[in-house]
Amino acid sequence: MEKRKFIYEGKAKRLYETDDQDILIQEFKDDATAFDATKRGTIGNKGIVNNKLSEKIFTLLEKKGIPTHFIKRLNDRDMLVKRVKIVPIEVTMRNIVAGGMAKLLALDEGIILKKPVLEWHYKEDKLHDPLINDDHVMALGIATPKELEIIKKYSYKVNEALKKFFDSKNLILVDFKLEFGRYKGKTMILADEISPDTCRLWDKTTKEKLDKDRFRRDLGNVEEAYQEVLRRVMA
Ligand code: 5GP
């Protein structure tokens, strides 16, 4: 399948139509942003790494019974995906305190949570993706009660599968962000990408950060960290 009409450019990806109206091509860029796109830069070969990592992880999740938009990787930067209408919430799952949770509650990074914490953030950079609850989601018609239940069920399942998977690669899954969408107007499936852009991953032994926090916090060796995650995941 080939790229036809360009339809959307996000912070890290572009979307193109194909000959099939229900199928898009998702192209991964090297562009990196942080802090609601107020910090911008590029991470060398990030698009290639995130395309390959997302392929690997979506394939694993499909095997675990979680429906995703992933169809097939086409080349270094492009994958075929099912066209969805994205639900405008960022689903965040946390196993260890870091980032936004550390800031919100003035907690030290690294505290192991007694249970995973699921959060909804309303997807709007201008508002800094504010934390909202189930009632906001339902009262504003963002998703139905039934859809929320499905998203919750899948998100906990993703967490269990990925915690185990990354652990086997000597990585700790600290937290991550998921996005869901409706395929053909109804079926809720996992969309977007799963990569060091969207997950916090720490080395199990040294606790070294191997994710986008290296870019956000100017820690250096950003490209190397992404390559290291890819190397371990593919090993
Ligand atoms: P936090 O809320 O702590 O900033 O983020 C929690 C997790 O979700 C982190 O793994 C982070 O990478 C991911 N995340 C949250 N918001 C975004 C976002 O807007 N874009 C991306 N790429 N990841 C996000």
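Residues numbered from 1 in each chain as written. Predicted model: local features only at pLDDT ≥ 70, side-chain atom pairs only at ≥ 80, totals over all residues. Heavy atoms only, no water.

1. Points about the pattern of salt bridges
Tallying each qualifying case throughout the model produces 38 salt bridges. Between Lys3 and Asp78 there is a salt bridge, with the nearest N and O atoms lying 3.3 Å from each other. You can see Lys3 sitting in the segment before strand S1 (6–9) and its partner Asp78 sitting in strand S7 (residues 78–82), a full 75 residues away along the chain. Using a relative accessible area of 33% as the deciding quantity, one classes Lys3 as partly exposed. (Salt bridge = Lys/Arg side-chain N within 4 Å of Asp/Glu carboxyl O. Helix = DSSP H or I, 4+ residues; strand = E, 2+ residues; numbered from the N terminus. Buried < 20%, exposed > 50% of the residue type's maximum accessible area, 1.4 Å probe, protein only.)

2. Some remarks on the packing of aromatic side chains
In the structure shown here, the tally under the stated rule is four aromatic pairs. Centre to centre, the rings of Phe58 and Phe70 are 6.3 Å apart; their planes meet at 20°, and the pair counts as stacked. One end of the pair, Phe58, is in helix H1 (residues 46–63); the other, Phe70, is in strand S6 (residues 70–73), with twelve residues separating them in the sequence. In this pair, the class of Phe58 matches that of Phe70, namely buried. (Phe/Tyr/Trp six-rings, centres within 6.5 Å; stacked < 30°, edge-to-face > 60°.)

3. Digging into the nonpolar core
Judged by nonpolar contacts, the single largest core of 50 residues is most densely connected at Leu61, Phe166, Leu190 and Ile194. Top contributing element to this core by residue count: helix H4 (residues 145–167), with eight residues. In terms of domain composition, this core takes at least three residues from each of domain 1 (6–84) and domain 2 (85–222). Setting aside chain neighbours within four positions, we find Phe166 in contact with Ile57, Leu171, Leu173, Leu201 and Val233. In this structure, Ile96, Ile172, Val174 and Trp202 belong to the second largest nonpolar core, which totals five residues. (Core = buried A, V, L, I, M, F, W, Y, C linked by side-chain atoms within 4.5 Å. Domains from an automatic or database assignment. Contact = heavy atoms within 4.5 Å.)

4. A word on the environment of Lys152
Looking at the element boundaries, Lys152 is found in helix H4. Sequence separation of Lys152 and Glu119 is 33 residues, and the distance between their C-alpha atoms is 9.7 Å. A polar contact is formed between the side chain of Lys152 and the side chain of Asp134, at a distance of 2.7 Å. (Polar contact = N/O pair within 3.5 Å; in protein donor to acceptor, adjacent residues only side chain to side chain.)

5. Thoughts on the packing of H1 against helix H6 (residues 222–234)
Packing of H1 against H6 brings their axes to within 10 Å, and their N-to-C directions diverge by 30°. Comparing their axes, H6 and H1 come out roughly parallel. The interaxial crossing formed by H1 with H6 has left-handed handedness. Residues Lys46, Val49, Asn50, Lys52, Leu53 and Lys56 of H1 lie in contact with H6, whose contacting residues are Tyr226, Gln227, Val229, Leu230, Val233 and Met234. (Axes fitted to C-alpha atoms, helices over the stretch in contact; angles between N-to-C directions. Parallel < 35°, antiparallel > 145°, perpendicular 65-115°, else oblique. Left-handed = near helix turned anticlockwise from the far one by under 90°.)

6. Re the domain arrangement of the protein
On domain assignment, one finds that the protein holds domain 1 (6–84) and domain 2 (85–222). Each of domain 1 and domain 2 has a C-alpha centre, and the two are 17 Å apart. If you look at the interface, domain 1 gives 34 residues, while domain 2 gives 31 residues. Taken together, both faces of the contact between domain 1 and domain 2 bury some 2,800 Å²; the carbon and sulfur share is 66%. In terms of surface lost to domain 2, no three residues of domain 1 exceed Asp36, Ile57 and Val84, which account for 21% of the buried area on that side. Our count for the domain 1 to domain 2 interface comes out at six salt bridges. Here Lys39 ties to Asp218 by a salt bridge, and the two come within 2.7 Å at their closest N and O atoms. Viewed at the interface, domain 2 and domain 1 are joined by 16 residue pairs in polar contact (both at pLDDT 80 or more). No other element matches the nine residues that H1 contributes to the side of domain 1 that touches domain 2. Class assignment for the residues of the side of domain 1 that touches domain 2 results in 15 nonpolar, eight polar and eleven charged. (Buried area = accessible area lost by both parts, 1.4 Å probe. Nonpolar A, V, L, I, M, F, W, Y, C, P; charged D, E, K, R; others polar.)

7. Description of the site of the ligand
Near the ligand there are 16 residues, and of these Arg94, Gly100, Asp175, Arg200 and Arg216 occur at the shortest range. Take Asp175: an N or O atom from its side chain is 2.6 Å from an oxygen atom of the ligand. Here an oxygen atom of the ligand and a side-chain polar atom of Arg200 are 2.9 Å apart. For the ligand, the accessible surface in isolation is 500 Å², of which the surrounding protein chains cover 82%. Looking at the shell around the ligand, the elements with two or more residues in it are strand S9 (89–96), helix H2 (99–104), strand S12 (171–183) and strand S14 (199–203). (Near = heavy atom within 4 Å. Areas by Shrake-Rupley, 256 points an atom, 1.4 Å probe, with all protein chains shown as cover.)

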